[in-house]
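# Fold and geometry: a report
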Amino acid sequence: MEQVDVAIVGGGPAGSSAAREAAAQGADTVVFEKGVPRADRDGLGPDSTDAAGMLDYWVDIMDIRPSEIPDDIILSKLDGAQFLGPNEDITIRSTGVSARYPDFGFAFHRAKFDDWLRERAEDAGAEFRVGVSVTDVETDMTGGHSHRVALADGEDVEATYLILADGPQRTITTGVLDQFMPHDHSVSEYLGPRQANHIAYQEHRRVPEELFDPELIKFWWGVMPGHTAYPWIFPNDDNVARIGLTMPIGMDIDDYDASEWALLREDDTEIPRGQVYIERLLEREFPEYDLDDFPIVEERGKAKGTETYPISSTRPIESPTKAGIAVTGGAMGATSAFHEGGDHVAVRTGKIAGQLAGQGRLDKYNAKWRSAIGEEVRRNVSLADMVRDWGPAQWDRTFGVVSDMLDGGHYRPTKAVTAGATGLKLLAEYKGRKFFLRSGRFCQLREDDYLV
């Protein structure tokens, strides 16, 4: 049976980043990627579907120098973000976090980004086996740890270290981790798809030139039901924008009053499909235009100008590193539906896992990733918890208050006083939630919970 030092399941941002770092340490590294066809990619690759926006400080979280990113990956440079409620809106021009990247952020071509990460890993000496699916993993703890990786072609590969980077669908991760869970407990209790995941849908549409704003990303809150459910517009190049939305899966239309939500209709018998939501958004925001004025660009995206993909929206879990296993990116729940995915945390957790596995020091992984992305996770979990039960009126009221806290699109904490009692209450609640989640309390499954 073939023997390797590090086996990686999944060749997306986390898996490719892990592969590069492990190979750079001299480890014999192989990545197994089942491969998904895309209309905008030659050959097979990971399921590269994302709204693909990057904020300035996220580049630092990835631990990538801005000058390293190839020009053809960046589709448009961003100057800010607009958040729109049913009746109120705000525009921010700064993330409020110090960063090396000179602009607010950028929109980028996700498939090209993934291919670039793969090229870097292969240049470092990692091997990619694309079109090869992993069907099972058996871990042997006799005298240490080793992992027998079973492949769909009938071959087996034995690895000393295993890095799980199979995204929020977790086709392999759940089964691997379940062998270390207490009796009658499953990782699905923490990362189960119906409780943990959102579904996202987007279309590549050409926008009338007079409406196209290449410098602003736009998000609508309080117009469709569901926790962290929102539509967006991401400007790309050549007057093309990704217009999409994210929402929890498994929602029931009977749980919501259609009259309260701008994108619902009284005669809806089920939660609308993504395509319907987008059409309603365009009709609402641009009533003087027809849908034909926003044609779908079929040569872009995953399939005829459209993409559907899952997003993990749960709190992250730690890994059973004593078994020589690290879970990264979306598979560990480190990404978030609140900020639309998480390529940045996927890249960073993958890097940390790969480097430590290559050095034979994977026991440091949980502490290292918490140190690297803990503040980002705390921020997102705190905000997501705050807005869990908000309706349209609360979003409007909040945007009105936050507007009073902004100075030229830049947040000023001292202006919370001028925003009144509501502004002070919002700020206090956010800081209180963040404080409660300190010291890794944002993790819903800790390493000590595993039976290793």
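Remember, predicted model here, so these are calculated numbers, not experimental data. (Residues numbered from 1 in each chain as written. Predicted model: local features only at pLDDT ≥ 70, side-chain atom pairs only at ≥ 80, totals over all residues. Heavy atoms only, no water.)

### Some points on the sheet that holds strand β3 (residues 53–55)
So the rule is basically this: Pairing between strands is defined by DSSP: at least two bridges between the two strands are required. A helix here means a DSSP run of H or I that spans at least four residues, while a strand means a run of E at least two residues long, and both kinds are numbered starting from the N terminus. Each axis is a line fitted through C-alpha atoms, taken for helices only over the stretch in contact, and angles between the N-to-C directions span 0 to 180 degrees.
With antiparallel pairing, 3 strands are arranged side by side in an open sheet as β3-β7-β4. What marks the edges here is a single partner per strand, and that holds for β3 and β4 (74–78). Averaged over all pairs of adjacent strands, the angle between their axes in this sheet comes to 20°, without regard to strand direction. Both β4 and strand β7 (residues 105–108) contribute to a ladder of 4 bridges, which runs antiparallel. Of the residues in β7, the one forming a bridge with I74 is F108.

### As for the environment of P225
Which entries qualify depends on this criterion: In what follows, a contact means two residues having at least one pair of non-hydrogen atoms within 4.5 Å.
Positionally, P225 belongs in the loop between β13 (216–220) and β14 (230–235). Each C-alpha atom of the pair P225 and A262 lies 9.4 Å from the other, and the pair is 37 residues apart in sequence. Sequence-distant contacts of P225, that is, excluding residues within four places in its chain, are made with M251, Y256, W261, L264, I271 and Y277.

### Examining the packing of aromatic side chains
Threshold: Each aromatic pair joins two rings of Phe, Tyr and Trp (for Trp, the six-membered one) with centres within 6.5 Å, and gets the label stacked for planes under 30 degrees apart, edge-to-face for over 60, and tilted for any other angle. Here, a charge over a ring is recorded when the distance from Lys NZ or Arg CZ to the ring centre is within 6 Å and its angle to the ring normal is within 35 degrees.
Counted under the stated rule, the structure contains 17 aromatic pairs. Ring centres of F83 and F219 lie 5.5 Å apart, and the angle between their planes is 15°; on these two criteria the pair is classed as stacked. With a gap of 136 residues between them, F83 in strand β5 (residues 80–84) and F219 in strand β13 connect regions that are remote in the sequence. Joined through ring pairs, the aromatic side chains of F83, F219, W221, Y230, W232, F234, W390, W395 and F399 make up one cluster. Just above the ring of F435 sits the side chain of R438; from NZ or CZ to the centre is 3.9 Å. The ring of F436 is capped by R441, whose NZ or CZ atom sits 5.6 Å from the centre of that ring.

### Re the packing of helix α1 (residues 13–24) against helix α3 (residues 110–124)
Here is the rule: In what follows, roughly perpendicular refers to angles from 65 to 115 degrees, roughly parallel to angles under 35, roughly antiparallel to angles over 145, and oblique to any angle outside these ranges. Left-handed is the label given to a crossing in which the near helix is rotated counterclockwise from the far helix by less than a right angle, and right-handed is the label when the rotation is clockwise. By the convention adopted, Pro, Cys, Tyr, Trp, Phe, Met, Ile, Leu, Val and Ala count as nonpolar, Lys, Arg, Asp and Glu as charged, and the other residues, Gly among them, as polar.
Between α1 and α3, whose axes approach to 8 Å, the crossing angle comes to 15°. What the angle tells us is that α1 and α3 run roughly parallel. Remark: the crossing between α1 and α3 carries left-handed chirality. Judged by residue contacts, P13, S16, S17, A19, R20, A23 and A24 of α1 engage R110, F113, D114, L117, R118, R120, A121 and A124 from α3. Taken together, the residues that form the contact of α1 with α3 break down as 8 nonpolar, 2 polar and 5 charged.

### A closer look at unusual backbone geometry
Even without being a glycine, D63 presents a positive backbone phi close to 60°. By secondary structure assignment, the location of D63 is in the loop between α2 (56–62) and β4. One non-glycine residue with positive phi stands out, namely K304, at about 55°. One can find K304 in the loop between α7 (274–285) and β16 (306–312).

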